[in-house]
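Below, each chain spelled out in residue letters.
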Amino acid sequence: MPPKRNLSMKRKASAESPGSPSEVKNVPKKVKQSQESDDNQPMPSKSKKKNTNSSTEITGPPQPSNTKIPDNVTFAPTAEGVKRISAWNVCGLAASMKKGFRTYVEAENADVLILTETKVNNIPVDPKLDELYPYRCYNISDKKGYAGTAVLSKIKPLNISHILPDTTEPENVKGRLVILEFTTCWLFATYVPNAGDKLKNMDKKVEWLRAFELHLRRLDSAKPIIWAGDINVAPTARDLRNDKSNWNKSAGYTAIECEALARILAPPVSSSASSSSKEQTTSQENSKSNSGTGYVDIWRELHPNDEHYTYFSYKFGARSKGIGWRLDMFIISERLRSRIKTCEIRDEIWGASDHVPIVMDIEGDL
């Protein structure tokens, strides 16, 4: 069964699921979109209105339903000594640039900008963006116009990597991972694979997450981790509008995916506690290169009762109806927790992509 919701708000029905290394929704059903996710997505499903009887209500202001980026965008600057990281699935960088991309980037003025699902085939040439971010790293998929992950930084990284050493499918990593080493931490930027229509790519996703977890814990033993980008999993029932109709049917909200993410977030189980030889092997692999600590989904920890989303399909007026998923997030090593000042979803920045950005402010040097 899916995790139970703890809300006292009735909601309308229907749901939709989202969807080479180099230098440093408000549309009628039949209207063709020029900007859609490159992962196959299940169609929205109908469900009855939710009627829960909990005493806990959603806190904070409701998520806006605008269908384009406002002309004037401003954000509070960071305090002295604080660095800001922004992560945004742009659903095609070229298309996003025509719909307000620069308006957001210039207003946010983040120290590090993570872009996922860039869909670029070559390193973009943009003098203004290059001037703002002198250190740029793109991981480009071999498949034309597909996937793509980039990190643009004002801060020079010590090292850059695009590989998962433990994967059995290295081609599945291309366009989906950039790892930067900074002085005090590692930054993992990911566009995690989608399980696909009818969950046809689930085995590939499970393999990707297996190799990713091993590498994450290995590097975490040296210095703490910031993992950010499109994780392509809604962790709990509170992280998507229509949980019951999507549970174990839609990519991004299945027991396999939710349990895989929960396992990464939790401290690893010792090999002696494993109940099967297969579990014991996985646990032993993890323990070889692990600091022994867990990880924190920092937005959820700071907003325990909020129901805000980072993805709204272009189809069926999902944005105006508030039908969304929280798929983009910051996950940090527990020992970084005291340095985190804020983590916010930029709710109003929708229209240049079917996702909105999420930002995190961290005290001290990266």
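All values derive from a computational prediction rather than experimental measurement.

(A) Structural detail: the overall build of the chain. Along the backbone of the chain there are nine helices and 12 strands. When the 366 residues of the chain are sorted by exposure, 55% land in the buried category. If you sum the accessible surface of the chain, you get close to 16000 Å²; carbon and sulfur atoms cover 51% of it.

(B) Expanded view of the nonpolar core. In terms of nonpolar packing, the biggest core is built from 33 residues, with Phe 188, Phe 212, Ile 225, Trp 227 and Tyr 253 touching the most fellow members. Listing elements by their share of this core, those giving two or more residues are strand S6 (177-181), strand S7 (186-191), helix H4 (202-220), strand S8 (225-230), helix H6 (255-265) and strand S10 (328-333). The leading source of residues in this core is H4, at six residues. In terms of nonpolar packing, the next biggest core, distinct from the first, is built from 32 residues, Ala 189, Phe 312, Phe 330 and Met 360 among them.

(C) Expanded view of the packing of aromatic side chains. Within the structure shown, the criterion is met by nine aromatic pairs. With a centroid separation of 4.5 Å and 50° between ring planes, the pair formed by Phe 212 and Trp 227 is classed as tilted. With Phe 212 in helix H4 and Trp 227 in strand S8, the pair connects residues that are 15 residues apart, well separated along the chain. A residue is classified by how much of its surface remains accessible, and Phe 212, at 0% relative accessible area, is buried. Arranged with centres 6.1 Å apart and planes meeting at 70°, the rings of Tyr 309 and Phe 312 form a pair that is edge-to-face. Using a relative accessible area of 1% as the deciding quantity, one classes Tyr 309 as buried. Pairwise contacts between aromatic rings join Phe 75, Trp 88, Phe 101 and Tyr 104 into one cluster. Stacked on the ring of Tyr 191, the Lys or Arg Arg 176 has its end atom at 4.7 Å from the ring centre.

(D) Molecular detail of the sheet that holds S8. Strand order in the open sheet made by the six strands is S5-S6-S7-S8-S10-S9, with mixed pairing throughout. The open sheet has two edge strands, strand S5 (159-161) and strand S9 (295-297), and neither has a second partner. Going across the sheet, the axis of each strand differs from the next one's by a mean of 15°, ignoring polarity. Taken together, the five bridges between S8 and S10 define a ladder with antiparallel strand orientation. If you follow Ile 226 over to S10, its bridge partner there is Ile 332. Sheet contacts for H4: S6, S7, S8, S9 and S10; angle to S7, the most-contacted strand, approximately 170°.

(E) Quick peek at the confidence of the model for the chain. Mean pLDDT over the chain stands at 83; residues scoring 70 or higher make up 77%. Within the model, the stretch residues 40-58 combines pLDDT values under 50 with 59 contacts to residues more than four positions away or in other chains. In this model residues 271-291 is a low-confidence stretch, pLDDT under 50, and it forms 25 contacts with partners more than four residues away in sequence or in other chains.

(F) Inspection of the sheet that holds strand S12 (residues 358-363) at higher detail. The strand order across the open sheet formed by six strands is S3-S4-S2-S1-S12-S11, and the pairing between neighbours is mixed. Edge strands, defined here as strands with exactly one partner in the open sheet, are strand S3 (135-139) and strand S11 (340-345). Going across the sheet, the axis of each strand differs from the next one's by a mean of 10°, ignoring polarity. With six bridges joining them, strand S1 (residues 82-89) and S12 adopt antiparallel strand pairing. Looking across to S12, one finds that Ser 86 is bridged to Val 359. Across the face of the sheet, helix H2 (residues 101-108) comes into contact with S1, strand S2 (112-116) and S12 while running at roughly 165° to S1.

(G) Here's a closer look at the pairing of strand S4 (residues 149-153). Burial runs high along S4: five of the five residues are buried. Both faces of S4 are covered, namely the face carrying Thr 149, Val 151 and Ser 153 and the face carrying Ala 150 and Leu 152. With five bridges connecting them, S2 and S4 associate as antiparallel partners. Within the sheet, the bridge partner assigned to Leu 115 lies in S4 and is Ala 150. Across five bridges, the pairing between S3 and S4 is antiparallel.

(H) Fine view of the packing of H4 against H6. Where H4 contacts H6, the two axes come as close as 11 Å, and the packing angle between them is 0°. Here H6 runs roughly parallel to H4, going by the angle between their axes. For the pair formed by H4 and H6, the contact residues are Met 202, Lys 205, Val 206, Leu 209, Glu 213, Leu 216 and Arg 217 on the first element and Ile 256, Glu 257, Ala 260, Arg 263 and Ile 264 on the second. A class-by-class count of the residues in the contact of H4 with H6 yields seven nonpolar, no polar and five charged.

(I) The arrangement of the pattern of salt bridges in detail. Inspection of every chain in the model, using the stated rule, returns 19 salt bridges. A salt bridge links Glu 213 to Arg 217; the shortest N-O distance between them is 3.2 Å. Pair noted here: Glu 213 and Arg 217 are both in helix H4, with a separation of four residues, about one helical turn. Neither residue differs from the other here; Glu 213 and Arg 217 are each classed as buried.

Parameters and conventions
Residues numbered from 1 in each chain as written. Predicted model: local features only at pLDDT ≥ 70, side-chain atom pairs only at ≥ 80, totals over all residues. Heavy atoms only, no water. Helix = DSSP H or I, 4+ residues; strand = E, 2+ residues; numbered from the N terminus. Buried < 20%, exposed > 50% of the residue type's maximum accessible area, 1.4 Å probe, protein only. Areas by Shrake-Rupley, 256 points an atom, 1.4 Å probe, with all protein chains shown as cover. Core = buried A, V, L, I, M, F, W, Y, C linked by side-chain atoms within 4.5 Å. Phe/Tyr/Trp six-rings, centres within 6.5 Å; stacked < 30°, edge-to-face > 60°. Lys NZ or Arg CZ within 6 Å of the ring centre and 35° of its normal. Pairing = 2+ DSSP bridges. Axes fitted to C-alpha atoms, helices over the stretch in contact; angles between N-to-C directions. Contact = heavy atoms within 4.5 Å. pLDDT = per-residue confidence, 0-100. Parallel < 35°, antiparallel > 145°, perpendicular 65-115°, else oblique. Nonpolar A, V, L, I, M, F, W, Y, C, P; charged D, E, K, R; others polar. Salt bridge = Lys/Arg side-chain N within 4 Å of Asp/Glu carboxyl O.

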